[in-house]
Amino acid sequence: MDGVEREVLTMLCEGLPELRRECAGLPTDHKALLDHIEAEAASRRPVAGLVAQLVGYSPADIVEARRGPATGLPGAGGGRADDEVFGCPDDSCNHRARTVPAGEPPWCAVLGQRMRRL
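None of these values were measured; they are calculated from a predicted model.

**Student:** Outline the pairing of strand β2 (residues 96-99), listing residues and values.
**Tutor:** Residues of β2 alternate between two faces, with A97 and T99 buried on one and R96 and R98 left unburied on the opposite face. The pairing of strand β1 (residues 84-87) with β2 spans four bridges and is classified as antiparallel. Counted as the bridge partner of V85 is R98 from β2.

**Student:** Lay out helix α3 (residues 48-55) in plain terms, naming residues and giving numbers.
**Tutor:** Residue pairs spaced three or four apart in an α-helix point in one direction, given the helix's 3.6 residues per turn. Turning to α3, its buried residues number three or more, namely A48, L50, V51, A52 and L54. G56, located one to two residues past α3, shows a positive phi value of around 80°.

**Student:** Explain the pairing of β1 to me, using residue names and the numbers behind them.
**Tutor:** Summarising the sheet, β1 and strand β3 (residues 116-117) pair through two bridges and their orientation is antiparallel. Paired with G87 across the two strands is R116, which belongs to β3.

**Student:** If you had to explain the environment of N94 to someone new, which residues and values would you point to?
**Tutor:** The residue N94 is located in the loop between β1 and β2 in this model. Since its relative accessible area comes to 27%, N94 is described here as partly exposed. A distance of 3.0 Å separates polar atoms of two side chains, one belonging to N94 and the other to E7.

**Student:** Quick one: what's the story with helix α1 (residues 3-24), residue by residue and with numbers?
**Tutor:** Compared with the 32 Å implied by 1.5 Å per residue over 22 residues, the 29 Å span of α1 between its first and last C-alpha is a close match. Buried within α1 are the following residues: E5, E7, V8, L9, T10, L12, C13, L16, L19 and C23. The N-cap of α1, judged by a side-chain oxygen 3.2 Å from the amide nitrogen of V4 a few residues on, is D2.

**Student:** I'd like a description of the pattern of salt bridges, backed by residues and values.
**Tutor:** In the structure shown here, the tally under the stated rule is eight salt bridges. Among the ionic pairs, E104 bridges to R114, the shortest N-O distance being 2.3 Å. Highlighted residues: E104 in the loop between β2 and β3 and R114 in the loop between β2 and β3, separated in sequence by ten residues. With relative accessibility at 52%, the residue E104 sits in the exposed group. One connected set of salt bridges, linked through shared partners, spans R6, D91 and R116.

Cut-offs applied
- Residues numbered from 1 in each chain as written.
- Predicted model: local features only at pLDDT ≥ 70, side-chain atom pairs only at ≥ 80, totals over all residues.
- Heavy atoms only, no water.
- Buried < 20%, exposed > 50% of the residue type's maximum accessible area, 1.4 Å probe, protein only.
- Helix = DSSP H or I, 4+ residues; strand = E, 2+ residues; numbered from the N terminus.
- Pairing = 2+ DSSP bridges.
- Polar contact = N/O pair within 3.5 Å; in protein donor to acceptor, adjacent residues only side chain to side chain.
- Expected span 1.5 Å × (residues − 1).
- Salt bridge = Lys/Arg side-chain N within 4 Å of Asp/Glu carboxyl O.

Structural data, given as structure tokens:
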């Protein structure tokens, strides 16, 4: 999987619940496209072009927007020393989720599986 695909999959994973809510109020073709994107992502097939079609930007533009100054600097996030970090169940994307110590592991929105402890 190339870097753009991995980044787009990461963004899809992180934002899937919000994307589902947003598409629920849109025409049926948007909902159908999102369903197709989810199925392709769960099968670990390329989705960057499909996501770009859904949001109206090129895959490169999507990734570039994520890397912009509004996302902050690496390591400058609001983490705590006592949190736990979880990642993609099969390491296909860079999504990271933090929980409190001994908290319930988060679920991957794409695969419907528990995320793995990093």
